[in-house]
Amino acid sequence: VGSGFTFGRYRVLPTANTTANLGGGISQMAVHAASGKLFFINNGLFSTSPTESSLTTIDNGNFSTLKIKDSILMYVEGILLHWGKINSAGTYTADAASPISLGSAPSFPVVIDVNPKTNFVYIAFLGTSPTIKLTSSYFYALGSGTTFSSLTMGSIPASTTYSGFGISPSGRL
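**Quick notes on the overall build of the protein chain**
Piece 1. What the protein chain contains, in helices and strands, is zero helices and 13 strands.
Piece 2. Listed by position from the N terminus, the elements making up the protein chain come as β-β-β-β-β-β-β-β-β-β-β-β-β.
Piece 3. Relative to the compact-globule value of 16 Å for 173 residues, the protein chain shows a C-alpha radius of gyration of 17 Å, a close match.
Piece 4. For the protein chain, with 173 residues in total, the buried portion stands at 39%.
Piece 5. With an accessible surface of roughly 9700 Å², the protein chain has 53% of that area assigned to carbon and sulfur atoms.
Piece 6. Averaging the positions of the 9 positive and the 6 negative side-chain charges in the protein chain gives two centres separated by 10 Å.

**Structural notes on the pattern of salt bridges**
Piece 1. If you walk through the whole model with that rule in mind, you get two salt bridges.
Piece 2. Note that Lys37 is salt-bridged to Glu52, the shortest N-O span being 2.5 Å. Note that Lys37 is positioned in strand E2 (residues 37-41) and Glu52 in the loop between strand E3 (45-48) and strand E4 (56-59), a separation of 15 residues in sequence. Each member of the pair Lys37 and Glu52 is classed as buried.
Piece 3. Notably, a salt bridge pairs Lys67 with Asp113, separated by 3.2 Å at the nearest N-O pair.

**Regarding unusual backbone geometry**
Piece 1. Note the cis peptide between Ser98 and Pro99, where omega equals 0°.
Piece 2. Along the polypeptide, Pro99 turns up in the loop between strand E8 (92-94) and strand E9 (100-101).
Piece 3. Phi is positive for Ser71, close to 65°, though the residue is something other than glycine.
Piece 4. Mapped onto the fold, Ser71 is located in the loop between strand E5 (63-69) and strand E6 (72-77).
Piece 5. On the basis of relative accessibility, which here comes to 26%, the residue Ser71 falls in the partly exposed class.

**Considerations on the sheet that holds strand E10 (residues 110-114)**
Piece 1. Across the sheet, which stays open at both edges, the four strands sit in the order E10-E11-E12-E13 with antiparallel pairing between neighbours. Both outer strands of the open sheet, E10 and strand E13 (148-151), are each paired with one neighbouring strand and no more. Ignoring which end each strand starts from, the neighbouring axes of this sheet average 25° apart.

**Considerations on the confidence of the model for the protein chain**
Piece 1. With 95% of its residues at a pLDDT of 70 or more, the protein chain shows a mean pLDDT of 88.
Piece 2. Per-element confidence in the protein chain ranges from a low mean pLDDT of 90 for E13 to a high of 97 for E8.

**Topic: the sheet that holds E3**
Piece 1. If you walk across this open sheet you meet the four strands as E1-E2-E3-E4, and the pairing is antiparallel. Every interior strand has two partners, whereas the edge strands, strand E1 (28-32) and E4, have only one. For this sheet, the mean angle separating the axes of adjacent strands, direction not counted, is 25°.

**Description of the packing of aromatic side chains**
Piece 1. One pass over the structure, following the stated rule, counts six aromatic pairs.
Piece 2. A centroid spacing of 4.9 Å and a plane angle of 35° characterise the contact between Phe120 and Tyr138, whose relative ring orientation is tilted. Taken together, the positions of Phe120 in strand E11 (residues 120-125) and Tyr138 in strand E12 (residues 131-138) put the pair 18 residues apart, joining distant regions of the chain.
Piece 3. The partly exposed category is assigned to Tyr138, whose relative accessible area is 36%.

**Examining the pairing of E12**
Piece 1. Two strands pair when backbone bridges link them, and E11 and E12 are joined in this way by five bridges, in the antiparallel orientation. Within E12, the residue paired with Ala124 across the bridge is Ile132.
Piece 2. When E12 meets E13, the two strands line up antiparallel, connected through four bridges. For Leu134, the partnering residue across the bridge sits in E13 and is Ser149.

What counts and how
Residues numbered from 1 in each chain as written. Predicted model: local features only at pLDDT ≥ 70, side-chain atom pairs only at ≥ 80, totals over all residues. Heavy atoms only, no water. Helix = DSSP H or I, 4+ residues; strand = E, 2+ residues; numbered from the N terminus. Rg over C-alpha atoms; globule rule 2.2 N^0.38 Å. Buried < 20%, exposed > 50% of the residue type's maximum accessible area, 1.4 Å probe, protein only. Areas by Shrake-Rupley, 256 points an atom, 1.4 Å probe, with all protein chains shown as cover. Lys, Arg positive; Asp, Glu negative; His and termini not counted. Charge placed at Lys NZ, Arg CZ, Asp CG, Glu CD. Salt bridge = Lys/Arg side-chain N within 4 Å of Asp/Glu carboxyl O. Pairing = 2+ DSSP bridges. Axes fitted to C-alpha atoms, helices over the stretch in contact; angles between N-to-C directions. pLDDT = per-residue confidence, 0-100. Phe/Tyr/Trp six-rings, centres within 6.5 Å; stacked < 30°, edge-to-face > 60°.

As structure tokens, this is what we get:
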């Protein structure tokens, strides 16, 4: 483990405390390192930081997952994949081609990950009948022409409930 780490007291974000009725309903979150903004899902998609006095609404809807990779925010709403860029101040701007359809209705939970070796986006729809969809475009080139292919699940038994998905630094799923 590294050295030189100092941990102070944890403190509640002023815009995401119990007064804002957000603590228990946050289901997913990701940090944009360049701006220090926290993006999270709670009956919508929001952003905030420790120094802000108001919460920023990114989008309203029923979102299942989000992922930030190299200042690109991706999130799923039903069968739609949304994406756009986050600037150095933490302001999100949706891409003009966003959203695009993932095809059939997914199962839950949903996980988005980016393969560090290929830069393709994988969207895993977990549960008892998991499916994984792969984009035809790199994460930084998503657009209206992006399509999705379903990967074969091989010998994964359907009787098991799957709740996690990830990609290793070597690119292995």
